[in-house]
Amino acid sequence: MGMENAEFRYLVVERDEEGIAVLRLNRPEARNALNLELIAELGRAADMLARDDTVRAVIVTGGEEVFAAGGDIKEMAGKYAPDMLNAYGADLSGFEKIERIPKPVIAAVSGYALGGGCELALVCDMIVASETAVFGMPEITLGIIPGAGGTQRLPRLVGPHRAKEMIFTGSFFDVHACREMGLVNSVVPVERLMEEAKELARRCIRNGAVALACAKACVNEGMNTDLYTGLAYERKCFSLLFSTEDQKEGMQAFIEKRKPAFKGR
Ligand code: DAK
C-alpha cells in the first residue's frame, strides 16, 4: 500500500498492489466542501494518477456521512462576478483532470453528494453508491446555479427533464430515485461500498489498459459531438488498437481457449 499524502492537505491517496488507487476527500470539518485548494489538489492528484503506470483504476470517495457537500459556500459568499469569472471560475481544471484520467474512474458515494460534490461524481466514469447516498443540486436555493458542470453533464446522463427537476427545485434525491434515473450504477449497503467499487474496478482492469483508455476516450468524445464525428473517432481508435500487443494476445487467447494475459501495450 503506497501512500504519498504529504503533498495534500485535504486528500488522502492510497494505491494497492492490484493497481487500484483510492482518492479520498478528507475535509470532514467542512463536510468535504470543495474549496479552491481542494479542487487544485484534485487536479494534482489526477495528474499524478494519470501518469503512474502502476495505477490501473481510480476510486474517488469521501466519508461515510458525506461524499462532498459541494463548493465551499463560505469561500464563495463574498465573491463578485469578476472573481468568479477569473481565478475561481477558471479553475474547473481539477474536475476536468479527473474526467480525463485515461483509466476507469469510479465514484464511491456514501451520504450527501450535493452541488459540486454531485458534479465531482459526474466527472467519474461510473458511480456506485451506498443505501444512504443522497444526491442533489441545491445551488438554486443559494441564488446561484451549478457551476462545475451540473447543467451540462447531468442532462447528458439522466436526460433534460430529470436534470431540470433536480436543478430547478434544489431537492435532494435518495439513492433509489438516482438509480432509477440512471445516475447511479449500483446500490449496496454502506459497509460493502468500497468492496463494490473495487470489484467494479477489477472487472474493468482485467482488460487491457490501452483498450480501456480508448473506450473511455471514445465514449467521452462521443458524448460531446455529433454521431458521425463520434463514429469516425471510434473507427480510428478501433483500428489503432490493431497495432497493440494486447489485441494480438486477446484474439489469440480466444482462439486457444485460454485467458488473455494483457500487458497494456
Ligand atoms: N461549504 C462550506 N461549508 C460547509 C458546506 C459547504 N458547501 N457544507 C457544510 N459546511 C460546513 C457547515 O457550515 C458547518 O460548519 P460550522 O458551522 O461547523 O463552522 C459544517 O460544515 C457542518 O455542516 P452542518 O452542520 O450543516 O452539517 P449537517 O451534517 O447538519 O448537514 C449537509 C450536512 C451537507 C446536508 C449541510 O451541511 C448542507 O446542506 N451543506 C450545503 C450544501 C449545498 O448547498 N451545497 C451547494 C454548494 S454550492 C466551481 C466549483 C464548485 C462549485 C461551483 C463552481 N468552480 C471552480 C467554478 C460548486 C458550488 C456548490 O456546490
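Here, the structure is the one placed above.
The rules behind the values
Residues numbered from 1 in each chain as written. Predicted model: local features only at pLDDT ≥ 70, side-chain atom pairs only at ≥ 80, totals over all residues. Heavy atoms only, no water. Disulfide = S-S within 2.5 Å. Buried < 20%, exposed > 50% of the residue type's maximum accessible area, 1.4 Å probe, protein only. Helix = DSSP H or I, 4+ residues; strand = E, 2+ residues; numbered from the N terminus. Arc of directions from axis to C-beta. Contact = heavy atoms within 4.5 Å. Near = heavy atom within 4 Å. Polar contact = N/O pair within 3.5 Å; in protein donor to acceptor, adjacent residues only side chain to side chain. Areas by Shrake-Rupley, 256 points an atom, 1.4 Å probe, with all protein chains shown as cover.

Colleague: Would you mind going over the state of the cysteines in detail, with residue names and values included?
Modeller: Enumeration over the complete set of coordinates arrives at 0 disulfides. Cys178 provides the cysteine sulfur closest to Cys118, a residue in no disulfide bond, and the two sulfurs are 7.3 Å apart. In this structure Cys118 comes out as buried when scored by relative accessible area, which is 1%.

Colleague: An account of helix α6 (residues 150-158) is requested, with residue identities and associated values reported.
Modeller: Taken together, the buried positions of α6 are Gly150, Arg153, Leu154 and Val158. Viewed end-on, α6 has its buried residues packed into an arc of 105°, placing them on one side of the element. On its buried side, α6 packs onto α4 (93-99), α5 (116-122) and α7 (160-169). Of the residues trailing α6, Gly159 is marked for its positive phi of about 95°.

Colleague: Explain the site of the ligand residue by residue, including any values.
Modeller: Around the ligand sit 24 residues, and of these Ala69, Gly71, Ile73, Lys74 and Gly116 come closest. Lys74 has a polar side-chain atom sitting 3.0 Å from an oxygen atom of the ligand. The fraction of the free accessible surface of the ligand (1100 Å²) that becomes covered by protein chains is 70%. Those elements giving two or more residues to the shell around the ligand turn out to be α2 (73-76), α3 (81-90) and β7 (112-114). For the shell around the ligand, the element with the highest residue contribution is α2, accounting for 3 residues.

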